[in-house]
Amino acid sequence: MDMIIKNILVYQTFTQQFEMKDVLIENGRFSRIADQLSITHEEVMDGTGKWMIPGLIDIHMHIESSMTLPSRFSQAVLPHGVTTVVADPHEIANVFGLEGIQSFLSNATALDIFYGIPSSVPSTSPQLETTGGFIGVEEVKELLQHPAILCLGEVMNFQDLCKKETSTIKEIIKVCQALRPSLPIEGHCPKISGKDLADFIGAGVTADHTQQTPESIIEKIKSGMFLEIQKKSMNKETIQTLMDYNFYDYFAFVTDDVMADKLPKGHLNEIIKLAVSLGMPVEKAIYCSTYTPARRMHLDDRGMIAPGRLADFILLSNVTDFTIHSVYKNGKCVASETVSLEENHDQKFPNHFYQSIQCKKASVEDFQIHVNGVKALCNVIQTQPHSTFTKQLQKEVPIRGGILDYLSENLCLLTIYERYGKNGNRAHALLDAPINKRGAIATSWAHDHHNVMVMGNHTEDMMLAQQTLCEMQGGYVVVQDGHVVAKAYLEIGGIISAQPIDVLAKQLEDVRLAMQQLGYQHDNEIMSFSTLSLPVSPELKVTDIGMINTKTQGIVPLIEEVYYEDIN
């Protein structure tokens, strides 16, 4: 719809200031921005008292982390001012491969959703984790032809990229550089510095979105890396570092993962508010949520209010606290107090997407670790309350009746079931007291391989949780004292729900509360649990093959040593 907005405070990208202007919008694009426009037009809006900024652009996120359909995601985030995203669909790719990515590419939405090619499916290698899908060189070549593909998604496996002469990821990067020379190559490189960081960047990876410190921000940006700053990297020290070094052109704010129960409350707009609360001027936070992400992804038709650019914009009623009055996409209002966007949620996936949990149902015996001896020195995973990182501990555990008595040491058992019907693998790990009441937690949303994962301190509760999850064909289950107390249904590939977001959000809130009642402590209980299986996130994680040292990519034995007599 063509229109003139008069007397509006317009965000000027190149000065990062607001100026009073009139704005002409024609054919879904900005046409003129001037001090005063005397053009007569059918629709004139008085913008007095409001601020106009470009629509927000999130260039590193995963729709599957919101566990919903692209159409429902679109409907949820547009009211938060997000008009463009670049999604890395590596979760659906890990489950269904190229077919999964294509199912997302075919889903039309009002939100502009571009995609990165998942570069690491599996995140490590088939020798370290079993996945349902695989993305190799031929799949990459096919995807590079699609106009919605803007980048190569986060490259995770440092060892394969930098320590091996030949590897799939090296071949994938070579193909991307040959066929799309300007294609951005995204990275995942937590706790990598010095020569290792130089090797990583030298191999072609030019961005990182993982958790940062002031030191890593300075080193990575000075080494030529673009940073994508998500919530877990944001504190007074990191924000001050970005400001002190005037690094505004070299980073963008991103969300990475926003779960369905958090989505109704906000998206990238909440990251901007957080940055401002930590001391960043709102004009700078806007710049790094509109222009710098657009430039990183070569989205030259958006990210600023200027002639010829898409008329994707937000009207703010209060710029200081970032209060959104209304949101416009291609010049049309899509969200306000009186406008609510309707999306088509009728996307159907292939039948086998709804029957993807193919592992056998658990028995009590599955959770008994048989070993001869008196006691065993075991490698144990310790979770962290404010991070998805873990630490490796060692504890002596008694052996009674030929079975490892981990419960006597206040440990929980974590068991991974291969769920794709490929090999029937089952692997165990021990956790250092993540819960303190009798119960179990199970999920099929297990970064990134999405095998079935169950953790608990009572074998019958663990069996019930796993069996219930299999019957649901995916999701989350919490059991306490022999009873299922919370469930969230993710029936599409075990990672996505077709339910309305408010319904799914309530289920996830119930799961979160039930985990808290078991004693699970974390800033994000669900994501913490789901990333226990991510073998590229420090320090010790679990796949269907076993425990993985995520730096060396080596398998860590559950039992380090067995003692056949009591030496005490």
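Rules of the game
Residues numbered from 1 in each chain as written. Predicted model: local features only at pLDDT ≥ 70, side-chain atom pairs only at ≥ 80, totals over all residues. Heavy atoms only, no water. UniProt positions renumbered as here; feature names shortened; annotations may be inferred. 1 Å grid on protein atoms, 1.4 Å probe; cavity = no way out; pocket = protein on both sides within 12 Å on 5 of 7 lines; lining within 4 Å. Points joined across faces, edges and corners; volume = space filled by probe spheres on them. Helix = DSSP H or I, 4+ residues; strand = E, 2+ residues; numbered from the N terminus. Nonpolar A, V, L, I, M, F, W, Y, C, P; charged D, E, K, R; others polar. Buried < 20%, exposed > 50% of the residue type's maximum accessible area, 1.4 Å probe, protein only. Contact = heavy atoms within 4.5 Å. Expected span 1.5 Å × (residues − 1). Bend = angle between axes of the 7 residues up to and from the residue.

Where an unreviewed UniProt entry is consulted, the protein chain appears under the name Adenine deaminase, with the organism given as Turicibacter bilis. Of the comments in the UniProt record for the protein chain, the one headed Sequence similarities (unreviewed entry) reads "Belongs to the metallo-dependent hydrolases superfamily. Adenine deaminase family." Per its UniProt entry, the protein chain bears the Cofactor (unreviewed entry) comment "Mn(2+)".

A.B. asks: I would appreciate a short explanation of the layout of surface pockets in the present structure.
C.D. replies: It is a probe the size of a water molecule, rolled over the atoms, that shows where empty space is left. Size it by volume and the largest pocket reaches roughly 1,100 Å³. Lining the largest pocket are 39 residues, and of these Q230, K231, K232, D257 and N524 lie nearest its centre. For the lining of the largest pocket, the secondary structure elements donating two or more residues are α10 (268-277) and β18 (387-400). A class-by-class count of the residues in the lining of the largest pocket yields 10 nonpolar, 18 polar and 11 charged. Lining of the second largest pocket is provided by 18 residues; of these, P190, I192, P538, T550 and K551 occupy positions nearest its centre.

A.B. asks: Could you clarify how one ought to interpret the UniProt feature "domain: Amidohydrolase-related" (unreviewed entry) in the protein chain in this entry?
C.D. replies: Mapped onto this numbering, the UniProt entry annotates "domain: Amidohydrolase-related" (unreviewed entry) at residues 52-334. Measuring from the first to the last C-alpha atom of residues 52-334 gives 15 Å, for a span that is 35% helix and 20% strand.

A.B. asks: Hey, could you run me through the side chain of T131 in this one?
C.D. replies: By secondary structure assignment, the location of T131 is in the loop between β8 (112-117) and α4 (137-143). Overall, T131 belongs to the buried group, its relative accessible area being 7%. The residues touching T131, leaving out its near neighbours within four places in the chain, are N94, P122, Y420, K422 and H449.

A.B. asks: Could you clarify how one ought to interpret helix α11 (residues 282-296) in this entry?
C.D. replies: It helps to recall that an α-helix has 3.6 residues per turn; residues three or four apart then point in one direction. The end-to-end C-alpha distance of α11, which contains 15 residues, comes to 21 Å, matching closely the 21 Å that a straight helix rising 1.5 Å per residue would cover. For α11, the principal kink sits at C288 and spans about 35°. Summarising burial for α11: 12 of the 15 residues are buried, a large majority. For α11, the set of buried residues is V282, A285, I286, Y287, C288, S289, T290, Y291, T292, P293, A294 and R296. Phi turns positive one or two residues past the end of α11, at H298, with a value near 60°.

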